[in-house]
Amino acid sequence: MKKSILACCALLATLASCRTAPMNPAEEHAFAPVRVVLETNCVHCHGDNRLSTMPPINDTHALTKLVGTSWIVPGKPEVSRFFQVVIFPDTVPGAMPPSGHAISKRDVQILRDWIKAGAKVPARNITLHPQGPLPRSI
């Protein structure tokens, strides 16, 4: 009897440690356009192989750590450093991406709308993967 109770407790503890945040399809759907912008324009440099001085954007948990700081001020894209650097002209030092081409107006609008709406990130951690060609500056 004691062995079966211990086995059940061990199994429950193991299952509890494997638990992940529940998937919320609505929040992941709302984040999907932002994810595409990040994976196309940001993750090449701000992913796993980033310089230590760069803020990480390799998964949504890392992105969450930027929300609520000067990097991403929910509701205020124009004062968010993250947004400011993507709207700088290419001639301004610090403009992102540093590849000599600005991101599209559509992508800028997606980021603006996301931050304006509160910069919500899905609770479930999503790994972000670089998409498309590498920026020329790498």
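Data block above holds the structure.
Calculation notes
Residues numbered from 1 in each chain as written. Predicted model: local features only at pLDDT ≥ 70, side-chain atom pairs only at ≥ 80, totals over all residues. Heavy atoms only, no water. Phe/Tyr/Trp six-rings, centres within 6.5 Å; stacked < 30°, edge-to-face > 60°. Helix = DSSP H or I, 4+ residues; strand = E, 2+ residues; numbered from the N terminus. Buried < 20%, exposed > 50% of the residue type's maximum accessible area, 1.4 Å probe, protein only. 1 Å grid on protein atoms, 1.4 Å probe; cavity = no way out; pocket = protein on both sides within 12 Å on 5 of 7 lines; lining within 4 Å. Points joined across faces, edges and corners; volume = space filled by probe spheres on them. Nonpolar A, V, L, I, M, F, W, Y, C, P; charged D, E, K, R; others polar. Contact = heavy atoms within 4.5 Å. Polar contact = N/O pair within 3.5 Å; in protein donor to acceptor, adjacent residues only side chain to side chain.

**Q** For the packing of aromatic side chains, give the residues involved together with the corresponding values.
**A** Throughout the structure, instances matching the rule amount to 1 aromatic pair. Relative to Trp 114, the ring of Phe 31 lies with its centre 6.2 Å away and its plane at 65 degrees, an arrangement referred to as edge-to-face. Taken together, the residues Phe 31 in helix α2 (residues 25–41) and Trp 114 in helix α6 (residues 105–116) connect sequence positions 83 residues apart. Given a relative accessible area of 7%, Trp 114 falls into the buried group.

**Q** An account of the layout of surface pockets is needed here, citing residue identities and associated values.
**A** Roughly 290 Å³ of internal volume is contained in the largest pocket. Looking at the lining of the largest pocket, the element that brings in the most residues is helix α5 (residues 81–87), giving 4 residues. Residues that form the lining of the largest pocket fall into these classes: 14 nonpolar, 4 polar and 1 charged. Volume-wise, the second largest pocket comes out at about 170 Å³. Lining the second largest pocket are Glu 27, Ala 30, Phe 31, Pro 33, Val 34, Ile 110, Asp 113, Trp 114, Ala 117, Ala 119, Lys 120 and Val 121. Mapped onto the lining of the second largest pocket, the elements with two or more residues apiece are α2 and α6. At 5 residues, the largest contribution of residues to the lining of the second largest pocket is made by α2.

**Q** An account of unusual backbone geometry is requested, with residue identities and associated values reported.
**A** The backbone of Ala 119 shows a phi angle near 55 degrees, a positive value even though the residue is not glycine. The exposure class assigned to Ala 119 is buried, which follows from its relative accessible area of 3%.

**Q** With reference to specific residues and values, describe the environment of Asn 58.
**A** Among the structural elements, Asn 58 can be located in the loop between α3 (43–46) and α4 (60–66). Looking at Asn 58, the relative accessible area reads 14%, which means it is buried. Distance in space between the C-alpha atoms of Asn 58 and Leu 128 is 5.2 Å, their sequence separation being 70 residues.

**Q** Explain the environment of Gln 131 to me, and be specific about the residues and the numbers.
**A** Among the secondary structure elements, Gln 131 is positioned in the segment after α6. Owing to a relative accessible area of 36%, Gln 131 belongs among the partly exposed residues under this scheme. Sequence separation between Gln 131 and Val 36 is 95 residues; the distance between their C-alpha atoms is 8.1 Å. The contact partners of Gln 131, leaving out residues within four places of it in the chain, are Glu 39, Thr 40 and His 44. Within the structure, the side chain of Gln 131 is placed 3.2 Å from the backbone oxygen of His 129, a separation counted as a polar contact.

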